[in-house]
Amino acid sequence: MSDKVDLWALSDLATPWCLRVAVTLGVAEHLARGTTKIDDLAREADCDADSLARVLRHLVGKGVFEEPVDGEFALNEPARVLVDPGPVRGNLDLDGWGGRVAGVWSGLLSTVRTGRPSYQEVYGRPYWEDLDTEPGLAASYDAQMSNGGRDVPDPAALVGDDWADVHHVVDVGGGAGAMLAQTLRAHPHLRGTLVDLPRTVARSGEIFESAGVRDRVTVSGQSFFDPLPRGADVYLLTRLLLDWPDEEAATLLTRCAEAAAPHGRVVVDGGVSPGGAPPKGGLMVMMLTGGRTRNLDQFGALAAKAGLAVTASGNAPSGRYIVECRPA
């Protein structure tokens, strides 16, 4: 591998912003419906034709879209992904949650200088408060957390994927229930409880109905920092713990330990990396909420504060790293 690094390419801001503008204006959808001339595209997207053409020509130069004739654009294979109303398009749409995430990068310097999330500095409110205040933003966030309802979650969330002795699973912070629905569908002997905010669990009925598991689910619309439904065999936290700084993460684990006692398990699927090596990545949650990925040693110390002991860890068939705990 060459030792040369192209710093100009790494510092390019034009391409990611041009891509987001094209997605937000629905260019790929307009092209898919047969609108190809720049004046017509601009009219349908309600924007300036010359400015749009310059954005699209930049993207053509980067391999997204084509301009077979001057002033006339077309989809190519990379651009066809943008027609699909799934997670890629959702993350790039500046009018939704993806736009908030894109904008918060302007606060990275502040976060690095202070060690505190910069979301409030950029948008005027802390992240979770902003979601609670803006219903449209919250709906966009919920849709992205369930991958737009198009990506089927992997229900293999136990070390060894052995559910024989599990009869009741509580999905803590489980969003609209996509993960719980697939878990119950894969294991017909299970019943489940979905815990998340009322506005989020309100969207779960259709998901459970579609999966054919509605008769085996109860829903608890609440904060997961409040006492959780007690006595289940497994309390599942899927990509949840990494959203929170240590103090809040310890409180969340404490609630799980209280509810799981004396014989239940707390299963963390995502947000923990193996061993004691420093975890990589996590820049986005650092800016949004102050959250972080933790290595197993860091997580073990946090779990101990919450009254939990790590009893197993390993990779799911998909490669995801999973940690199981029991009340100490």
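So, here is what we can say about the structure in this document. (Residues numbered from 1 in each chain as written. Predicted model: local features only at pLDDT ≥ 70, side-chain atom pairs only at ≥ 80, totals over all residues. Heavy atoms only, no water.)

1. Some points on the nonpolar core
The tendency in soluble globular proteins is for nonpolar side chains to be buried side by side. What counts, and what does not: We define the nonpolar core as a collection of buried residues of types Ala, Val, Leu, Ile, Met, Phe, Trp, Tyr and Cys that are connected through side-chain atoms lying within 4.5 Å of one another. Think of it in three bands: residues with accessible area under 20% of the maximum for their type are buried, residues over 50% are exposed, and the middle band is partly exposed, with areas taken using a 1.4 Å probe on protein chains only. Runs of E in the DSSP output that reach at least two residues are strands. Runs of H or I that reach at least four are helices, and both are numbered from the N terminus. Any two residues whose heavy atoms approach within 4.5 Å at even a single point are treated as in contact.
One finds Val172, Leu237, Leu253, Val266 and Phe299 to be the most contacted residues of the largest nonpolar core, which totals 31 residues. Elements represented by at least two residues in this core include exactly strand 3 (168–172), strand 6 (234–238), helix 16 (246–260), strand 7 (265–269), helix 18 (296–305) and strand 11 (321–327). It is helix 16 that contributes the most residues to this core, eight residues altogether. Those residues in contact with Val172 that sit more than four places away from it in its chain are Val195, Phe224, Leu228, Tyr235, Leu236, Leu237, Leu240, Leu252 and Cys256. Counting residues in each nonpolar core, the second largest holds 22 residues, with Val23, Val27, Leu31 and Val64 among its members.

2. Here we look at the sheet that holds strand 7
Put simply, the test is: Whether two strands pair comes down to DSSP finding at least two bridges between them. Convention adopted: a line fitted to C-alpha atoms gives each axis, helices being fitted over their contacting stretch, and angles between N-to-C directions are expressed from 0 to 180 degrees.
In space, the seven strands of this open sheet follow the order 5-4-3-6-7-11-10, with mixed pairing throughout. Two strands lie at the open edges of the sheet, namely strand 5 (217–221) and strand 10 (308–315), each paired on one side alone. Taken pair by pair, the neighbouring strands of this sheet meet at an average axis angle of 20°, ignoring direction.

3. Digging into the side chain of Ser118
What counts, and what does not: Counting of polar contacts relies on pairs of N or O atoms within 3.5 Å, with two restrictions inside protein: one atom must be capable of donating a hydrogen and the other of accepting it, and residues adjacent in sequence are counted only when both atoms are side-chain atoms.
With respect to the secondary-structure elements, Ser118 resides in the loop between helix 9 (108–114) and helix 10 (119–123). By relative accessible area, which is 0% here, Ser118 ends up buried. Within the structure, Ser118 has its side chain in polar contact with the side chain of Thr111 (distance 3.0 Å). Apart from the residues lying within four places of it in its own chain, the contact partners of Ser118 are Val104, Gly107, Leu108, Ser110, Thr111 and Met287.

4. Describing the packing of helix 2 (residues 14–24) against helix 5 (residues 49–61)
Just so we agree on the cut-off: Oblique is the label for any angle not covered by the other classes, which are roughly parallel (under 35 degrees), roughly antiparallel (over 145) and roughly perpendicular (65 to 115). Two helices cross in a left-handed way if the nearer one is turned anticlockwise from the farther one by less than a right angle. They cross in a right-handed way if the turn is clockwise. Residues were grouped as follows: Ala, Val, Leu, Ile, Met, Phe, Trp, Tyr, Cys and Pro as nonpolar; Asp, Glu, Lys and Arg as charged; and all remaining residues, including Gly, as polar.
Following both chains from N to C, one finds helix 2 and helix 5 inclined at 120°, their axes separated by 9 Å at the closest point. As far as their axial angle goes, helix 5 and helix 2 are oblique. For the pair helix 2 and helix 5, the sense of crossing is left-handed. For the pair formed by helix 2 and helix 5, the contact residues are Ala14, Thr15, Cys18, Leu19 and Ala22 on the first element and Val55, Leu56, His58 and Leu59 on the second. Its residues placed into classes, the contact of helix 2 with helix 5 shows seven nonpolar, two polar and no charged.

5. Digging into the pattern of salt bridges
In plain terms, the rule: Any carboxyl oxygen of Asp or Glu that lies within 4 Å of a side-chain nitrogen of Lys or Arg is treated as forming a salt bridge with it.
Considering all chains together, one arrives at 15 salt bridges under this definition. Residue Arg125 pairs with Glu134 through a salt bridge whose shortest N-O separation is 3.1 Å. According to the relative accessible area criterion, Arg125 is partly exposed, its value standing at 23%. Exposure remark for Glu134: the relative accessible area of 32% places this residue in the partly exposed category.

6. Section: the pairing of strand 10
Relative to strand 11, strand 10 runs antiparallel, the two being bridged by seven bridges. Its bridge partner being in strand 11, Ala312 is matched across the sheet by Glu324. Here strand 10 hands over to strand 11 after five residues, with Gly319 in that stretch at a positive phi of 100°.

7. Looking at the packing of aromatic side chains
Our working definition: Side-chain rings of Phe, Tyr and Trp, where Trp is taken by its six-membered ring, are said to pair if the distance between their centres is within 6.5 Å; with planes under 30 degrees apart they count as stacked, over 60 as edge-to-face, and otherwise as tilted.
In total, this model carries 10 aromatic pairs according to the counting rule given. Aromatic pair Trp128 and Tyr141: ring centres 6.1 Å apart, planes at 85°, arrangement edge-to-face. Here Tyr141 lies in helix 12 (residues 135–145) and Trp128 lies in helix 11 (residues 127–133), a separation of 13 residues in the sequence. For Tyr141, a relative accessible area of 11% corresponds to the buried category. Ring geometry for Trp128 against Trp244: centres 5.0 Å apart, planes inclined by 15°, an arrangement best described as stacked. Placement of the pair is Trp128 in helix 11 and Trp244 in the loop between strand 6 and helix 16, with a sequence separation of 116 residues.

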